[in-house]
Amino acid sequence: MTETGIFDTHAHYHDRRFSSEESGVPAVDELLSSLFADNICGITGIGTDVETSLEAIALAERYPHMYAAVGMYPGSCPIPFDAGKTQELIAEFGRMLSHPKVVAIGEIGLDFHYDDVPRDIQQLWFDRQMQLAGETGMPVVIHDREAHGAVMDTLCRYPGVKGILHSFSGSAEMAEQLVKMGWYISVSGVVTFKNARRLLEAVERVPLDFLLVETDCPYLTPHPHRGKTNHSGYLPYTVSRIAEIKGVSYEEVCRATRENARRVFRIME
Ligand SMILES: [Zn+2]
């Protein structure tokens, strides 16, 4: 088991941005090799539909400390809703879960910020995938954007399913309730932004044993690198800010979030 380093619980290294010239970062294989050689001890690549889930698995097969989550992101749900086709796709995700590097179902959830996919279709897919998690015992990675009430209602309907609230954006009270229910709160680079008051309060309130860190790269680059392509090499900014908020050492935040990541994803090595 790696005794040092930071675990990035949410990344999209299969994203086209990582293979484009304009990204300003090295090609993805060069980038990942240098991250794992440096201070990154684990990364979970997150799928957003069938294709990107398979891409996340392919990347995980190439690096011993890379893992994958597979699932249908709310903004990727096919329109119109087709029950038969949905059943086929759910079965396909179900088969992916038996891959040894697949550690979660995700990202799944609700996004009420973008209206591309009708909310009822997002909800149907969210429920189907929560049911899959219930049947298989896999943890889930939840995307919740401006949908806190509906997300909480859904999580409460599946008390046996646990996992991660990714790039948490709810209130301190919501975070506290989630922790009581056994959920982990994942903190992105947003915590380094000047206007991160709400997230700061949530981080203050959540015990270190329930916190995780993530990039959500290529998005959500921490201050002072906002505007650049995000990658796991910027995680120290996020860890430092959490250490400051919690009044503990940088190393302690690395250790706790690393151990929490291994616990939620059930990584044994
Ligand atoms: Zn994401």
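This text follows the structure it describes.
Residues numbered from 1 in each chain as written. Predicted model: local features only at pLDDT ≥ 70, side-chain atom pairs only at ≥ 80, totals over all residues.

Participant: In this structure, what is going on with the sheet that holds strand 2 (residues 40-46)? I would like to understand it.
Facilitator: Within a sheet, neighbouring strands are paired by backbone hydrogen bonds and run either parallel or antiparallel to one another. Taking strand neighbours across the sheet as the criterion, the 8 strands line up as 1-2-3-4-5-6-7-8 in an open arrangement whose pairing is parallel. Taken across any chain shown, the strands that pair with only one partner, and hence form the sheet edges, are strand 1 (6-11) and strand 8 (211-213). Between one strand axis and the next, the sheet turns by 25 degrees as a mean value, whatever way the strands run. With 3 bridges connecting them, strand 5 (residues 140-145) and strand 6 (residues 163-165) associate as parallel partners. Bridging from a neighbouring strand, Val141 pairs with Ile164 of strand 6. Contacts from helix 4 (residues 119-136) reach strand 4 (102-111) and strand 5, with the element oriented near 155 degrees to strand 4. (Pairing = 2+ DSSP bridges. Helix = DSSP H or I, 4+ residues; strand = E, 2+ residues; numbered from the N terminus. Axes fitted to C-alpha atoms, helices over the stretch in contact; angles between N-to-C directions. Contact = placed C-beta atoms within 7 Å.)

Participant: How do you make sense of helix 6 (residues 172-180) when you look at a structure like this?
Facilitator: What helix 6 keeps buried is the set Met174, Ala175 and Leu178. Buried residues along helix 6 cover an arc of 100 degrees about the axis, so they all sit on one side. Away from its buried face, by an angle of more than 90 degrees, helix 6 presents the exposed residues Glu173 and Lys180. (Buried ≥ 20, exposed ≤ 12 C-beta atoms within 10 Å, placed from the backbone. Arc of directions from axis to C-beta.)

Participant: How should the pairing of strand 2 be read in this particular structure?
Facilitator: When a strand is regular, its side chains alternate between the sheet's two faces. Across the 7 residues of strand 2, 7 count as buried, placing the element largely inside the fold. Note: strand 1 against strand 2, 4 bridges, orientation parallel. Residue pairing in the sheet places Asp8 in a bridge with Ile43 of strand 2. The parallel pair strand 1 and strand 2 is bridged by helix 1 (residues 28-37), and the resulting crossover is right-handed. Where strand 2 and strand 3 (residues 66-70) come together, 4 bridges link them in parallel fashion. By the bridge assignment, Gly45 is partnered in strand 3 with Ala68. Assessed by its sense of winding, the connection that carries the chain from strand 2 through helix 2 (residues 50-62) to strand 3 is right-handed. (Right-handed = clockwise from strand over helix to strand, strands pointing away.)

Participant: Quick question: what am I supposed to make of the packing of helix 6 against helix 7 (residues 197-205) here?
Facilitator: Working note: a packed helix pair is described by the angle between its axes plus the distance between those axes. Between helix 6 and helix 7, the shortest axis-to-axis distance is 8 Å and the interhelical angle comes to 35 degrees. Both helix 6 and helix 7 take part in a crossing whose hand is right-handed. Together, Ala172, Ala175 and Glu176 of helix 6 and Glu201, Ala202 and Arg205 of helix 7 make up the contact between the two elements. Counted by class, the contact of helix 6 with helix 7 contains 3 nonpolar, no polar and 3 charged residues. (Left-handed = near helix turned anticlockwise from the far one by under 90°. Nonpolar A, V, L, I, M, F, W, Y, C, P; charged D, E, K, R; others polar.)

Participant: In this structure, what is going on with the nonpolar core? I would like to understand it.
Facilitator: Generally speaking, nonpolar side chains in soluble globular proteins are found buried as a group. One finds Ala69, Ile105, Val140, Ile185 and Val187 to be the most contacted residues of the largest nonpolar core, which totals 76 residues. Look past the residues within four positions of Ile105 in its chain and what remains in contact with it is Ala69, Val70, Gly71, Phe93, Gln129, Leu132, Ala133, Met138 and Val140. (Core = buried A, V, L, I, M, F, W, Y, C linked by C-beta atoms within 7 Å.)

Participant: Explain the environment of Glu21 here, please?
Facilitator: Relative to the elements of secondary structure, Glu21 occurs in the loop between strand 1 and helix 1. Sequence separation of Glu21 and Glu214 is 193 residues, and the distance between their C-alpha atoms is 24 Å.

Participant: Please clarify how the packing of helix 2 against helix 3 (residues 83-96) should be interpreted in this entry.
Facilitator: Relative to each other, helix 2 and helix 3 sit at 5 degrees, their axes nearing to 11 Å. The orientation of helix 2 relative to helix 3 falls into the category roughly parallel. Together, Val50, Ser53 and Ile57 of helix 2 and Leu89, Glu92, Phe93 and Met96 of helix 3 make up the contact between the two elements. Of the residues assigned to the contact of helix 2 with helix 3, the class counts are 5 nonpolar, 1 polar and 1 charged. (Parallel < 35°, antiparallel > 145°, perpendicular 65-115°, else oblique.)

Participant: Before we go on, may I ask you to explain unusual backbone geometry in this structure?
Facilitator: Backbone geometry follows two general trends: most residues other than glycine have a negative phi, and most peptide bonds adopt the trans configuration. A cis geometry characterises the amide bond from Ile79 onward to Pro80, with omega recorded as -5 degrees. With respect to the element layout, Pro80 can be found in the loop between strand 3 and helix 3. A positive phi angle, near 55 degrees, is found at Leu220, a position not held by glycine. Relative to the assigned elements, Leu220 resides in the loop between strand 8 and helix 8 (235-246). In this model, Arg266 sits at a positive phi of 55 degrees, which is unusual for a non-glycine residue. Looking at the element boundaries, Arg266 is found in the segment after helix 9 (250-265).

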